Amino acid sequence: MTRSMSAAAVAAAVLAGLVTAAGPAPAAQAAASVCAPEAVRLPSLPDGPWSDAGSVEGLGAAGLSVGRSRGLPAYWTADREVHAVPMPAGFQSGVVADVNAKGLMTGTLERTADSARAVFTYRAGDATVRLLTGTATRTGAGEVSDAGHVVGMDAGTAKEWVNGAFVRELPVPADAHPDTRIVSLDGINKRGDVLGTAQTRYDDLENDRIVDFTFPVVWPAGGGYPPYSLPVWTESDWTVGTQATGIDDKGRVVGFEQENHRDVRRRTPAVWKKPYDALPFSPALVTGYENLILDAISPTTNVTVGTAVTSVEGYARYVRAAYWPGTGAPLVLPDPVGASSDTNTEAHAVSDDDRVGGSFRDLTAGTSSAMIWTCAGKQAYAPKK
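Criteria and thresholds
- Residues numbered from 1 in each chain as written.
- Predicted model: local features only at pLDDT ≥ 70, side-chain atom pairs only at ≥ 80, totals over all residues.
- Heavy atoms only, no water.
- Core = buried A, V, L, I, M, F, W, Y, C linked by side-chain atoms within 4.5 Å.
- Buried < 20%, exposed > 50% of the residue type's maximum accessible area, 1.4 Å probe, protein only.
- Helix = DSSP H or I, 4+ residues; strand = E, 2+ residues; numbered from the N terminus.
- Contact = heavy atoms within 4.5 Å.
- Salt bridge = Lys/Arg side-chain N within 4 Å of Asp/Glu carboxyl O.
- Disulfide = S-S within 2.5 Å.
- Pairing = 2+ DSSP bridges.
- Phe/Tyr/Trp six-rings, centres within 6.5 Å; stacked < 30°, edge-to-face > 60°.
- Lys NZ or Arg CZ within 6 Å of the ring centre and 35° of its normal.

Chemist: If you had to explain the nonpolar core to someone new, which residues and values would you point to?
Modeler: In this structure, Tyr75 and Met105 are the most contacted members of the largest nonpolar core, which totals 28 residues. Residue assignment for this core shows that the elements contributing at least two residues are β2 (55-59), β4 (72-76), β5 (82-84), β6 (93-99), β7 (105-110), β8 (117-122) and β27 (367-374). No other element matches β4, which puts 4 residues into this core. Those residues in contact with Met105 that sit more than four places away from it in its chain are Leu64, Val66, Tyr75, Val96, Asp98, Val99, Phe120, Thr121, Tyr122 and Ala124.

Chemist: With reference to specific residues and values, describe the pattern of salt bridges.
Modeler: Applying the stated rule across the entire model yields 16 salt bridges. Notably, a salt bridge pairs Glu160 with Arg168, separated by 2.6 Å at the nearest N-O pair. For Glu160, a relative accessible area of 3% translates into the label buried. Three or more residues are tied together by salt bridges with common partners; here these are Asp52, Glu57, Arg68 and Arg361.

Chemist: Give me the lowdown on the environment of Ile297, citing residues and values where you can.
Modeler: Relative to the helices and strands, Ile297 is located in strand β21 (residues 291-297). For Ile297 and Asp114, which are 183 residues apart along the polypeptide, the C-alpha to C-alpha distance reads 33 Å. Each residue touching Ile297, except ones within four places of it in the same chain, is listed here: Gly246, Ile247, Asp248, Arg252, Val254, Asn302, Val303, Thr304 and Val350.

Chemist: Just give me the short version of the state of the cysteines, but keep the residues and values in it.
Modeler: Per the stated rule, a full pass over the model turns up 1 disulfide. Bridging Cys35 to Cys375, the disulfide has an S-S length of 1.2 Å. Classification of the bridge connecting Cys35 and Cys375 rests on its S-S torsion, roughly -110°, and on that basis the disulfide is left-handed. One end of the pair, Cys35, is in the loop between α2 (26-33) and β1 (38-41); the other, Cys375, is in the loop between β27 and α3 (376-379), and 340 residues separate them in sequence. You can call Cys375 buried: its relative accessible area is 5%.

Chemist: Kindly report on the side chain of Ser311, identifying the contributing residues and their values.
Modeler: Considering the arrangement of structural elements, one finds Ser311 in strand β22 (residues 304-312). Owing to a relative accessible area of 18%, Ser311 belongs among the buried residues under this scheme. The residues contacting Ser311, other than those within four sequence positions of it, are Arg265, Glu290, Ala316 and Arg317.

Chemist: Account for the pairing of strand β3 (residues 65-69), naming residues and giving values.
Modeler: The buried fraction of β3 amounts to 4 of the 5 residues, a majority that puts the element mostly inside the structure. Relative to β3, β2 runs antiparallel, the two being bridged by 4 bridges. By the bridge assignment, Gly58 is partnered in β3 with Val66. Joining the antiparallel neighbours β2 and β3 is a turn of 5 residues, in which Ala62 adopts a positive phi near 55°. A loop of 2 residues connects β3 with β4, the two strands running antiparallel in sequence, and Arg70 in this loop sits at a positive phi of about 50°.

Chemist: Break down the packing of aromatic side chains for me, with residues and values.
Modeler: Evaluation of the coordinates by the stated rule reveals 4 aromatic pairs. On the numbers, 5.8 Å between centres and 35° between planes, the contact of Phe213 with Phe215 is tilted. Here Phe213 and Phe215 have matching classes, each one buried. With 6.4 Å between their ring centres and 35° between their planes, Phe281 and Trp324 make a pair best called tilted. Linking Phe281 in the loop between β20 (264-272) and β21 with Trp324 in strand β23 (residues 315-324), this pair joins segments that are 43 residues apart in sequence. The ring of Phe166 carries Lys159 above its face, with NZ or CZ at 5.2 Å from the centroid. Just above the ring of Tyr318 sits the side chain of Arg317; from NZ or CZ to the centre is 4.9 Å.

Right under this line is the structure:
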């Protein structure tokens, strides 16, 4: 479950050699300008608590990817080698949720006995992780900015840390109902604006109903301004909620509205723009698919990725990694070479250099893996009707 110090040193050397203060040499810049589109299945750790081979959840500089492999927190260096994050005793599983341009990772560790979790940070080559929280339920990592700000949930409280130290609690917006709580933190941009999701739930005795809905919240950088409650399409149906998933450097927010009731599994993509005073815009769906989940937005290029889904009897049967350039119809990303005709793919992360990270499952072969698409915009295509 852990790797030797020599392996950690090699991984650190690879990463350090790729990420430098001076930036890439002219020859490297020239090579980087020639984009080679690939759909790559990444290797898995040899063992772990899960049979699932993993997923890429975040993308860093110089080809670094982070996520999970067989239920363990893991990362892949530019040479596409997989490395386990060394976990402290008492934890059995976890995930690296994000990584910044300087190689600082953040994620969540979990212990099997009670499903309690802890938020951590880590850099390639360190002997172990740095825990930011104690171990409790309703705890989990969100994202990390290039300035080293980490946001996450600590026993149900939304918090922000800088250099491992707690700096502020992220409050519920003042205009929200008193029975509102923050349930997740989902992004932080270069400026330091934080994105999360809140849930309002209470008994409306006057109308004899239960009010239960979720909505995105944006906390401006530094805490000098009150947070924004982003408007949503549906507040009156307890089967419908809205999930935030990403925020770019201009403050554009992406997410989706979800309806879960019996066999209904509707997912409608949503995009909000500052000053967050209007209902979200909904991009078109991917041709041939009934639902679209927007899962991540690049910092500056406006590219958004996610997953197109068609369900059968409430089960997500047809699942395809989606790529939306920000205008026009969303597209899909290809399978790796050699895949069968029955596959599922998902996209969870996108970078300014047009890499997309996610997961792949071959339903015919019964195999799965973490995935990277390089120069994704050159590979994305519109499915046939």
